Amino acid sequence: MLDLKFVRANPEEVKEGLARRGADVSLLDPFLKLDETRREKLHAVEQLKNRRNVVSEEIGRLKKSGQEAEDKVLEMRQVSQRIKEMDDELKDLEEQLQATLLTIPNIPNETVPYGKDSNDNVEVRRWGRPADFGFAPKAHWDIGESLDIFDFERGGKVTGARFTFYKGLGARLERSVFNFFLDLHTREHGYVEVFPPFMVNSSSMVGTGQLPKFAEDMFKVEGTDYYLIPTAEVPVTNLYSNEILDGGKLTISHCAYSACFRAEAGAAGRDTRGLIRQHQFNKVEMVKFTRPEDSYEELEKLTLNAERALQLLELPYRTVCLCTGDMGFSSAKTYDIEVWLPSYNDYKEISSCSNFEDFQARRANIRFKDGKAKPRFVHTLNGSGLAVGRTVAAILENFQQEDGSVKVPGVLVPYMGTEYIRN
RNA sequence: GGAGAGUUGGCCGAGUUGGCUGAAGGCGCUCGCCUGCUAAGCGAGUAUACGGGCAUAAACCUGUAUCGAGGGUUCGAAUCCCUCACUCUCCGCCA
């Protein structure tokens, strides 16, 4: 959520920022007009309330001393009625304003390259070299089938499309990967692990920006106000909602494993095979709460923390900076990390690392304070560290051997208890 | 799922015959005094949001709101009524 005062004071700057990311700016002027109406009305009703407070006090005094105050009571009865009407009008205005404000995306940071879509993203780093197999590499779904470690069909039977069973060493590989990620981030990168609820209420979803605009992308639990989380970002960022943190404790860094659930209404027909796009997948997420002045430095560190996981797994990747037109709703700057997938003959997103600046903090009301200074909003960041299913797919494809087995990356051998996955 | 108790400021904790209580008292914290150092002591201060003064920022002044959330009664509600959420205890059930 943008700062209303900032929008009010810098309408042109806001319009320009929104236009850069290709957002609709036509609603901004009516919005500001509405805001002005609200302030006028607020001022008027507050004056009435002041009068009511003063006179009510007087009535109390009069009655105490046994005097008559009936005329004043009658007058205040009318004033109160008027206040009630005006409060209702005001509430309506505020709801309209808030509703609009919640649908306005974040403004891109000035360092974000301008562009229309993913074609304009800018590669910033590349690591490792795709292997030269010397034989025709198979896609991970074929590898998984021949090794009998996935069961897509029964996933479909038991639940539906885009749900999968992992079996045997496949299940163990999934578990090994997220344990490795958690160990890496907690032991070497200084993150404090949390294990969050996998359902959150709607207000948490508003806090991180999934609601109100993207309800159709999520699973809602019928008869409740709860949603299945699309990412651990939601519960972990909202961990400190409506709190004022001690400035001395920042930066706070958390990592969390969670299952993630995405309905992804618009994704039908894309990535239909294999583990790449499932309605339920596992992910380890990193989340940071920083002082405003530290957030961009922390974004670089967080992105490198995610990259480190791929380096240790010996998986080739590249890192791209998303252009203004390709960024998510809440983000001010995003790096995507893309892992090499032989079956796609391309790099495929495996992590997304973003700085939201104070956009989420304002929605979720997460502030910090130094001593007697006024509370300020923190900056929030998060990034996948990493998506587990896609990591498993990348391991299978990049480490497959000519005989059909898959070599286990060295760092995972202690977790797997074997050096090869084979029939 | 059933029964009961509770939810007040950073924390603890008063306040339920409605009225000068944004809220006593204590702790904590900040500043000052005092002090060889520490401790103790003394004094002052110590919520947030949204408006207005202000054309802009800070400071300051001022108004309004906030005693779990929302609604109601009333000239006036932390105090009365209703609904909901959460916490705790007991019972049932379960992993």
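Since the structure is predicted, the reported quantities are computational estimates derived from the model, not experimental observations.

Visitor: Pulling in residues and values, what's your account of helix α7 (residues 168–187)?
Guide: Helix length check: α7 (20 residues) gives 28 Å between terminal C-alpha atoms against 28 Å at 1.5 Å per residue, within 8%. Looking only at α7, the buried set comprises G170, L173, E174, S176, V177, F178, F180, F181, L182, L184 and H185.

Visitor: Go over the packing of aromatic side chains with me, naming the residues and quoting the values.
Guide: The geometry of two aromatic rings is summed up by the distance between their centres and the angle between their planes. One pass over the full model with this rule turns up 14 aromatic pairs. Between F198 and Y257 the ring centres are 6.2 Å apart and the planes differ by 65°, which places this aromatic pair in the edge-to-face class. Taken as a pair, F198 in the loop between β4 (192–194) and β5 (199–201) and Y257 in strand β8 (residues 252–261) lie far apart in primary sequence, 59 residues in all. Classification of F198 as partly exposed rests on a relative accessible area of 25%. Taking the centre distance of 5.6 Å and the plane angle of 80° together, the rings of F329 and F359 count as edge-to-face. Here F359 lies in helix α11 (residues 359–364) and F329 lies in the loop between β10 (317–321) and β11 (333–341), a separation of 30 residues in the sequence. F329 gets classed as buried once you look at its relative accessible area, which sits at 11%. F359 sits in the buried class, given a relative accessible area of 0%.

Visitor: Could you give me a rundown of the protein's contact with RNA strand B, with the residues and numbers involved?
Guide: Close to RNA strand B lie 26 residues; R8, N50, S56, R77 and S80 are nearest. Counting only atoms of RNA strand B within 4 Å of the protein, the sugar-phosphate share comes to 77%. In this structure, N50 approaches RNA strand B through a side-chain N or O atom, which is 2.7 Å from a phosphate oxygen. Within the backbone of V73, a nitrogen or oxygen atom sits 3.5 Å from a sugar or linking oxygen of RNA strand B. Breaking the surface near RNA strand B down by element, the ones donating at least two residues are α1 (4–9), α3 (28–64), α4 (70–103) and β13 (366–369). In terms of residue count, α3 provides more of the surface near RNA strand B than any other element does, 14 residues in total. Of the residues assigned to the surface near RNA strand B, the class counts are five nonpolar, six polar and 15 charged.

Visitor: Could you give me a rundown of the side chain of N355, with the residues and numbers involved?
Guide: With respect to the secondary-structure elements, N355 resides in strand β12 (residues 346–355). At 2.8 Å, the side chain of N355 and the backbone nitrogen of E357 are in polar contact.

Visitor: Help me get a handle on the packing of α7 against helix α10 (residues 295–312), residues and values and all.
Guide: One way to put it is that α7 packs onto α10 with a least axis distance of 11 Å and a crossing angle of 130°. Comparing their axes, α10 and α7 come out oblique. Relative to α10, α7 is oriented so that their crossing is right-handed. Of α10, the residues touching α7 (which contributes F180, F181, L184 and H185) are N305, R308, A309 and L312. When its residues are assigned to classes, the contact of α7 with α10 shows five nonpolar, two polar and one charged.

Visitor: Describe the sheet that holds strand β7 (residues 243–246), and please don't skip the residues or the numbers.
Guide: Spatial ordering of the open sheet is given by β7-β13-β14, a layout of three strands whose pairing is mixed. Of all strands in the sheet, those with a lone pairing partner are β7 and β14 (376–377), marking the two edges. Sheet topology places β13 next to β14; two bridges connect them, and they run antiparallel. Across the sheet, residue F368 finds its bridge partner in β14, namely R376.

Scoring rules and cut-offs
Residues numbered from 1 in each chain as written. Chains lettered and ligands numbered in written order. Predicted model: local features only at pLDDT ≥ 70, side-chain atom pairs only at ≥ 80, totals over all residues. Heavy atoms only, no water. Helix = DSSP H or I, 4+ residues; strand = E, 2+ residues; numbered from the N terminus. Expected span 1.5 Å × (residues − 1). Buried < 20%, exposed > 50% of the residue type's maximum accessible area, 1.4 Å probe, protein only. Phe/Tyr/Trp six-rings, centres within 6.5 Å; stacked < 30°, edge-to-face > 60°. Near = heavy atom within 4 Å. Polar contact = N/O pair within 3.5 Å; in protein donor to acceptor, adjacent residues only side chain to side chain. Nonpolar A, V, L, I, M, F, W, Y, C, P; charged D, E, K, R; others polar. Axes fitted to C-alpha atoms, helices over the stretch in contact; angles between N-to-C directions. Parallel < 35°, antiparallel > 145°, perpendicular 65-115°, else oblique. Left-handed = near helix turned anticlockwise from the far one by under 90°. Contact = heavy atoms within 4.5 Å. Pairing = 2+ DSSP bridges.

By themselves, these are just geometric observations and shouldn't be taken as functional.
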